[in-house]
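Fold and contact review
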Amino acid sequence: MQGFSGDQHFSICLRCLGRAYATIGHGLSNVERGRIHLTESLPILSEKGIAIVEEDQCSICRSVFRRMDDFVNLALNESSGYEFSTFLAGSTFPQDVSDEETLLQGFFGNIGESIKKEFNREVGKAISDRTGKAVDKISPDMTFHFDLEYYQVKLEIRSLYIYGTYIKNRRGIPQTRWIHQDNNGVSVEQIIGDVVMKHSLCTNYFLHGSGREDVDVRMQGNGREFVLEAQNPRKRSIDLMTIRDEINMTGDIAVDSLSFTSRETVVKIKGANHDKSYRVIITGDNPLDPQKFAQAVSRLSGKDIYQRTPLRVSSRRSDLIRRRNIREMVLEQISGNTAVCVVNAEAGTYIKELIHGDEGRTNPSLSGEYGSPLKVQSLDVIWIYR
Ligand SMILES: [Zn+2]
């Protein structure tokens with residue numbers, strides 16, 4: 001490989017000379033700049049022993065700008081089968097090329113641009129000319145990473161992000177795959193993700209939920225927000241109405257309001273804290289006293305409660321005492337050993353613990369106020385206030 005350093009002689013082309021002047025003369029190509037600045041550069045060129053040669057003999061660019069068609073072909077071969085409408089090109093050059101260029105541009109006052117920058121721009125133009133697709137510097141569907149040392153291209157495919165809300169009609173379905181493996185492979189994530197995978201031909205998917213309900217809790221009312229991330233999709237223009245209908249055919253969950261979104265929505269919905277309403281079916285060991293029970297409910301309605309981190313989640317959450325407001329608690333029905341209440345509570349309230357008291361870790365609790373043990377038979381989220 002031809003290199004230069006110290007007293008060694010080296011050779012550059014007009015384009016690489018012009019690139020050393022890239023920040024002056026708008027609207028010119030670097031080849032034109034090289035031509036314009038050649039005369040004034042001659043003293044430095046001769047002092048440093050730099051010869052001006054054709055691009056194919058240039059020790060910096062080594063003719064890469066004359067091989068644009070090859071790079072476009074490489075990119076299009078590699079990306080065939082992937083649907084994309086916007087793209088971006090990036091590149092890495094061998095270290096000695098960058099070093100030589102830095103040295104050269106130093107001779108001319110460091111007012112140039114890097115070969116990488118020119119290459120990215122030129123190969124971007126060439127891909128755009130060939131395909132009609134647009135360069136997008138912020139959020140491209142496809143990024144081509146050209147490796148100029150090995151003449152390879154690597155693809156980076158932007159994930160598809162699909163926003164929606166889900167309702168879970170059946171108990172026993174975890175939200176995501178990995179936490180409950182013994183579930184015959186059924187989770188909200190898989191029910192949604194498998195349908196999206198079928199249509200987008202993605203390689204993997206993740207469900208990002210705005211919080212999660214327990215496995216045994218149904219999610220009803222206006223549903224829970226989520227973003228389904230589909231990685232490395234081959235198809236991007238997929239029909240969300242069809243996808244919604246296919247997901248909803250399973251009956252176990254129902255999705256709605258599907259729309260394409262971006263990574264930012266994941267952060268937004270995961271950070272959201274919303275008050276929620278629940279319907280809870282409560283049982284006692286003995287027939288419940290309707291009057292006493294109603295009084296216990298009304299004493300909690302509108303009150304602050306203190307919840308030490310429940311034992312059942314203590315491996316995942318730090319051991320703290322949290323104050324939570326019970327916005328409203330209403331007794332809907334009571335008969336025999338069973339009562340039905342609707343609870344509207346501040347974000348982050350542990351509802352099961354509010355009822356049974358968690359052996360004194362939640363205080364006050366409905367059990368405590370009622371004066372004998374109460375159990376949660378079933379729990380549904382019935383509204384998320386957002
Ligand atoms: Zn050159």
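Just so it is clear, the structure is predicted and the values come from calculations on it, not from any experiment. (Residues numbered from 1 in each chain as written. Predicted model: local features only at pLDDT ≥ 70, side-chain atom pairs only at ≥ 80, totals over all residues.)

Points about the overall build of the chain
Rules: In DSSP terms, a helix is any run of H or I states spanning at least four residues, a strand is any run of E spanning at least two, and both are numbered starting from the N terminus. We compute the radius of gyration from the C-alpha atoms alone; for a globule the expected value is 2.2 Å times N to the 0.38, where N is the number of residues. The burial criterion counts other C-beta atoms lying within 10 Å of a residue's C-beta, which is placed from the backbone; the residue is buried at 20 or more, exposed at 12 or fewer, and partly exposed between these limits. Residues are scored as being in contact if the C-beta atoms we place from backbone atoms lie within 7 Å.
Scanning the chain for helices and strands turns up 11 helices and 16 strands. Since a compact globule built from 386 residues should have a radius of gyration of about 21 Å, the 32 Å found for the chain marks it as more spread out than a globular shape. Along the longest, intermediate and shortest principal axes, the C-alpha atoms of the chain span 105 × 40 × 35 Å. Counting across all 386 residues of the chain, residues that qualify as buried make up 33%. The long-range fraction of contacts in the chain, counting pairs at least 24 apart against all pairs at least 6 apart in sequence, stands at 71%.

Re the packing of helix α6 (residues 188-200) against helix α7 (residues 240-248)
For any two helices packed against each other, the geometry comes down to the angle between their axes and how far apart the axes lie. What counts here: Axis definition: a line fit to C-alpha positions, over the contact stretch in the case of helices; interaxial angles, taken between N-to-C directions, run 0 to 180 degrees. Just so you know how the angles are binned, under 35 degrees is roughly parallel, over 145 roughly antiparallel, 65 to 115 roughly perpendicular, and the rest oblique. Crossing handedness is read from the near helix: turned anticlockwise from the far helix by less than a right angle, it gives a left-handed crossing, and turned clockwise, a right-handed one. Each residue gets one of three labels, nonpolar for Ala, Val, Leu, Ile, Met, Phe, Trp, Tyr, Cys and Pro, charged for Asp, Glu, Lys and Arg, and polar for the others, Gly among them.
Following both chains from N to C, one finds α6 and α7 inclined at 140°, their axes separated by 9 Å at the closest point. When the interaxial angle is binned, α6 and α7 end up oblique. The element α6 and its partner α7 pack so that their crossing is right-handed. Every residue of α7 that contacts α6 at Ile191, Ile192, Val195, Val196 and His199 is listed here: Ile243, Glu246 and Ile247. The residue makeup of the contact of α6 with α7, split by class, is 6 nonpolar, 1 polar and 1 charged.

Looking at the sheet that holds strand β3 (residues 86-92)
Applied cut-off: Any two strands with at least two DSSP-identified bridges between them are counted as paired.
Taken together, the 4 strands give an open sheet; going across it, the order is β4-β3-β5-β6, and neighbouring strands pair in mixed fashion. Strands with a single pairing partner mark the edges of an open sheet, and in this sheet they are β4 (134-135) and β6 (152-157). Of the pairings in the sheet, the one linking β3 to β4 comprises 2 bridges and is parallel in character. Residue pairing in the sheet places phenylalanine 87 in a bridge with valine 135 of β4. Here helix α3 (residues 68-78) sits on the sheet in contact with β5 (142-147) and β6, set at roughly 45° to β6. Against the sheet, helix α5 (residues 115-131) makes contact with β3, β4 and β5, and its axis sits at roughly 145° relative to β3, the strand it touches most.

A closer look at the environment of alanine 230
Here alanine 230 lies in strand β9 (residues 217-231). Among the residues examined, alanine 230 registers 23 C-beta atoms within 10 Å and is labelled buried. Expressed as a C-alpha distance, the spacing of alanine 230 and aspartate 136, which sit 94 residues apart in the sequence, is 20 Å.

Quick word on the pairing of β9
Among the 15 residues of β9, 11 are classified as buried, and the element is accordingly described as predominantly covered. With 6 bridges connecting them, strand β8 (residues 204-209) and β9 associate as antiparallel partners. When the sheet's bridge partners are listed, glycine 209 is paired in β9 with phenylalanine 226. Where β9 meets strand β16 (residues 374-384), 3 bridges bridge the pair, whose relative direction is parallel. Within β16, the position partnered with arginine 218 by the bridge is aspartate 380.

Comments concerning the pairing of strand β14 (residues 338-345)
For a regular strand, the rule is simple: side chains alternate between the two faces of the sheet. As judged from the 8 bridges shared by strand β11 (residues 276-284) and β14, these two strands associate in the antiparallel manner. Among the inter-strand pairings, threonine 283 is bridged to a residue of β14, identified as threonine 338.

Quick notes on the environment of isoleucine 282
Along the polypeptide, isoleucine 282 turns up in strand β11. With 25 C-beta atoms counted inside 10 Å, the residue isoleucine 282 sits in the buried group. In contact with isoleucine 282, not counting residues within four places along its chain, are Ala339, Cys341, Ile355, Leu374, Lys375, Val376 and Gln377.

With respect to the domain arrangement of the chain
Condition: Where each domain starts and ends comes from a domain assignment, either automatic or drawn from a database.
When cut into domains, the chain gives domain 1 (10-157), domain 2 (160-270) and domain 3 (276-384). A C-alpha centroid distance of 66 Å is found between domain 1 and domain 3.

Concerning the packing of α3 against α5
Between α3 and α5, the shortest axis-to-axis distance is 9 Å and the interhelical angle comes to 65°. As for how α3 packs across α5, the hand of that crossing is right-handed. Contacts between α3 and α5 involve Met68, Phe71, Val72 and Ala75 from the former and Glu122, Val123, Ala126, Ile127 and Arg130 from the latter. Here the contact of α3 with α5 is built from residues that sort into 7 nonpolar, no polar and 2 charged.

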